[in-house]
Amino acid sequence: MHESAFEAPAARWARFSRYVIRDGYIRPAPGAEFSTYSPGEMYRQATQPDAFEAPHRALLRLRQDLDLRSLTPPPKDEASIVKWCERYGLLGLLLQEVEMAVMAPRWSTPPGIHAHGAAQALVNPVARHFTRGVRGWTERSTIWAVFPRDRIDDGQLVSASDRAPEQWRTQGWDQPWVLRRSADGDLVKESLLPAWARFFPDVPEAQRETYPYPSPGGPDFWKLYAEPVEDFLRATAMLYEILESFKSPIARKQLRRRPADTNAGATQSAQAAHQAMAKLDHLFSSIHPCLHFTPDGSPQMQWHSASLMGAIAMMAIQDVLAGNRLVVCANHTCNNLFLAASYQARFCADRCRYAVQKRTYRDRIKAQVEAGPSRRLRKKAAPQSSGSRSRAPKHTK
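What counts, and at which threshold
- Counting of residues starts from 1 at the beginning of each chain's written sequence and follows it residue by residue.
- Only residues with pLDDT of 70 or above have their local features reported here, since the model is predicted, and side-chain atom pairs are shown and tallied only from 80 upward, although totals for entire chains, interfaces and linings are computed over all residues.
- In computing side-chain properties, one takes all heavy atoms of the structure into account and sets aside hydrogens as well as water.
- Here a strand is any run of E in DSSP of at least two residues, a helix any run of H or I of at least four, and the numbering for each starts at the N terminus.
- Contacts: residue pairs with any heavy atoms within 4.5 Å of one another.
- Pairing between strands requires that DSSP locate at least two bridges from one strand to the other.
- With axes taken as lines fitted to C-alpha atoms, and helix axes fitted only over the stretch in contact, angles between N-to-C directions fall between 0 and 180 degrees.
- Each nonpolar core is a collection of buried residues, namely Ala, Val, Leu, Ile, Met, Phe, Trp, Tyr and Cys, held together in the definition by side-chain atoms within 4.5 Å.
- For every residue, the accessible area obtained with a 1.4 Å probe (protein chains only) is divided by the maximum for its type, and the residue is called buried under 20%, exposed over 50%, and partly exposed between those limits.
- A helix is expected to span 1.5 Å for every residue after the first.
- Only Phe, Tyr and Trp rings take part, Trp by its six-membered ring, and two of them pair if their centres are within 6.5 Å. Stacked means planes under 30 degrees apart, edge-to-face means over 60, and tilted covers everything else.
- Working rule: Lys NZ or Arg CZ, within 6 Å of ring centre, within 35 degrees of ring normal, means a charge sits over the ring.
- Criterion for a salt bridge: a side-chain nitrogen of Lys or Arg within 4 Å of a carboxyl oxygen of Asp or Glu.
- Relative orientations are named as follows: roughly parallel for angles under 35 degrees, roughly antiparallel for angles over 145 degrees, roughly perpendicular for angles from 65 to 115 degrees, and oblique for any other angle.
- Each crossing gets its handedness from the near helix: less than a right angle anticlockwise from the far helix is left-handed, clockwise is right-handed.
- Residue polarity is assigned by list, with Asp, Glu, Lys and Arg as charged and Ala, Val, Leu, Ile, Met, Phe, Trp, Tyr, Cys and Pro as nonpolar; anything else, Gly included, falls into the polar class.
- A score between 0 and 100, pLDDT records how confident the predictor is in each residue.

Quick word on the overall build of the protein chain
Next up, step 1: Scanning the protein chain from terminus to terminus reveals 11 helices and 16 strands.
Next up, step 2: Contacts in the protein chain between residues far apart in sequence, at least 24 positions, make up 62% of those at least 6 positions apart.

Okay, structure coming up:
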């Protein structure tokens, strides 16, 4: 396993001590403790004794345990998902896709003016902008204009917690919106409701477009944030599909050609490989190199991922580049894909190895029973070879 580049202080990820699944969402449990950890450090230490399993391997193993025939998991699968999240946190799928978000405008007093004097005569509408950068999210505010008090309809000072009225949008206001990167790489401007608000189910439905959402990445954000179980399952399956499509040597050769050059007669595995490469590029779009300085002042180039899902994808590819093989489990009732460092590895888990051993033993016993007693007697009474010496009978005196 390569030395991880994810151990920069900026690459820490959030998690809670307990999660629950309620109303189709994975969310922090009431009273759960908030903490942060380094996925990269966990990746680097995964080979040490008593260490946690690296996040990407644990996610592949989770996918193996889940019944993905339905996007509504049974209680047993829900318990496995919750256990995984309590160790690694949510995947951060919202932060993976959205690159910029503009919140609903609200009235505020001009900067530098106290709550008395001139503040009684002036207010200004402010829109908060969240932007995803190389090292994380930043927040800034856009102040469009300063309006005198007498231009407000009811003649009263509007509280800073009240949303700016609709009529002031003619001064240049826009609806709240997000800038999202689609799976094919395009930047798409969308309403706040489908792309952003659906990850905050505890916000009243009537307020989801206008709610003052916390800045991404902070404790207040993670306390409110939740991930749909369906989205979590799709992301888990996508990682498996990406690695599965790269398994074929023919498909890997096809990846050297541009997708437009792949003719209609290309193999199904080659087409799947190009689609998987596009998905992988989408995950990598949230990862950026950044310069970090060690405690002794030495510069170091490291990677920062805006989401845990992006970091997991890069860890999986790093494993492949480090020489780990993509292996299909030899248990024919499993057939799951896993990463193996040993060339002798045949099973994705001990239970698959034990299952095959038990099956082989039962098949052998069954074959002996079906052979009947005559075969066993023949085997028992088989003649000795000509080269063996016959023992002389003993004579009693």
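Once the structure has been displayed, the description carries forward.
Here's the deal with the pairing of strand β3 (residues 25-28)
Next up, step 1: Pairing of strand β2 (residues 19-22) with β3 involves 4 bridges; the strand directions are antiparallel. Pairing of Ile21 across the sheet is with Ile26, part of β3.
Next up, step 2: Taking the residues between adjacent antiparallel strands as the criterion, β2 and β3 are bridged by 2 residues, where Asp23 takes a positive phi near 55 degrees.
Next up, step 3: As paired elements, β3 and strand β12 (residues 227-228) share 2 bridges and run antiparallel to each other. Looking at the pairing, Ile26 lines up with Glu227 of β12.

Description of the sheet that holds β12
Next up, step 1: Strand order in this open sheet of 3 strands is β2-β3-β12, and the pairing throughout is antiparallel. The open sheet has two edge strands with one neighbour each: β2 and β12.
Next up, step 2: Of the strands in this sheet, β2 and β3 touch helix α3 (residues 75-88), which is tilted by about 140 degrees from β2.

Here's the deal with the nonpolar core
Next up, step 1: By size, the foremost hydrophobic cluster in this structure holds 62 residues, and its most contacted members are Trp84, Leu91, Trp196 and Phe200.
Next up, step 2: Of all the elements, helix α7 (residues 229-245) adds the most residues to this core, at 9 residues.
Next up, step 3: Not counting residues up to four positions away in its chain, the partners in contact with Leu91 are Trp13, Leu59, Trp84, Glu227, Phe232, Ala235, Ser307, Leu308, Met309 and Ile312.
Next up, step 4: Cys329, Phe347, Cys352 and Val356 belong to the second-largest nonpolar core, a separate cluster that totals 6 residues.

Quick word on α7
An α-helical turn contains 3.6 residues, so any two residues separated by three or four positions project in the same direction.
Next up, step 1: Here α7 spans 24 Å end to end across 17 residues, near enough to the 24 Å set by a 1.5 Å rise per residue.
Next up, step 2: With 13 of 17 residues buried, α7 lies mostly within the body of the structure.

Digging into the environment of Glu78
Next up, step 1: You can see Glu78 is positioned in helix α3.
Next up, step 2: With a relative accessible area of 27%, Glu78 lands in the partly exposed category.
Next up, step 3: Linking Glu78 and Val229, residues 151 residues apart in sequence, is a C-alpha distance of 9.0 Å.
Next up, step 4: The contacts of Glu78, once residues within four sequence positions are left out, are Ile21 and Pro73.

Observations concerning the packing of aromatic side chains
Next up, step 1: One pass over the full model with this rule turns up 17 aromatic pairs.
Next up, step 2: An angle of 85 degrees between the planes, with centres 5.2 Å apart, marks the rings of Phe221 and Trp222 as edge-to-face.
Next up, step 3: With a relative accessible area of 0%, Phe221 lands in the buried category.
Next up, step 4: An aromatic cluster of at least three residues, connected via ring pairs, comprises Trp13, Phe130, Trp196, Phe199, Phe200, Tyr211, Tyr213, Phe221, Trp222 and Tyr225.
Next up, step 5: Its guanidinium or amino end placed over the ring of Tyr240, Arg63 lies 3.7 Å from that ring's centre, counting from NZ or CZ.

Structural notes on the pattern of salt bridges
Next up, step 1: If you walk through the whole model with that rule in mind, you get 13 salt bridges.
Next up, step 2: Of the charged contacts in the structure, one is a salt bridge between Arg128 and Glu139, with a shortest N-O distance of 2.9 Å. Of this pair, Arg128 sits in strand β7 (residues 122-133) while Glu139 sits in strand β8 (residues 136-143), placing them 11 residues apart in sequence.
Next up, step 3: The partly exposed category is assigned to Arg128, whose relative accessible area is 21%.
Next up, step 4: As a salt-bridge pair, Arg198 and Asp231 come within 2.7 Å of each other at their nearest N and O atoms. In this pair, Arg198 is assigned in the loop between α5 (192-195) and α6 (219-224) and Asp231 in helix α7, connecting sequence segments 33 residues apart.
Next up, step 5: Classification of Arg198 by relative accessible area gives partly exposed; the value is 30%.
Next up, step 6: One connected set of salt bridges, linked through shared partners, spans Arg198, Glu230, Asp231 and Arg234.

Quick notes on the packing of α7 against helix α10 (residues 308-321)
Next up, step 1: α10 packs onto α7 with a crossing angle of 25 degrees between their chain directions and a minimal axis gap of 11 Å. Judged by the inter-axis angle, α7 sits roughly parallel to α10. Crossing geometry of α7 relative to α10 is assigned as right-handed. Residues Ala235, Met238, Leu239 and Leu243 of α7 lie in contact with α10, whose contacting residues are Met309, Ile312, Ala313, Ala316 and Ile317.
Next up, step 2: Along the lines of polarity and charge, the residues of the contact of α7 with α10 split into 9 nonpolar, no polar and no charged.

Section: the confidence of the model for the protein chain
Next up, step 1: For the protein chain, the mean per-residue pLDDT works out to 76, and 68% of the residues sit at or above 70.
Next up, step 2: Under a pLDDT of 50 for its full length, residues 1-10 has, in the predicted model, 33 contacts with residues more than four places off or in other chains.
Next up, step 3: Here residues 385-390 is modelled with pLDDT under 50, and outside its nearest four sequence neighbours on either side it reaches 0 contacts, counting other chains as well.

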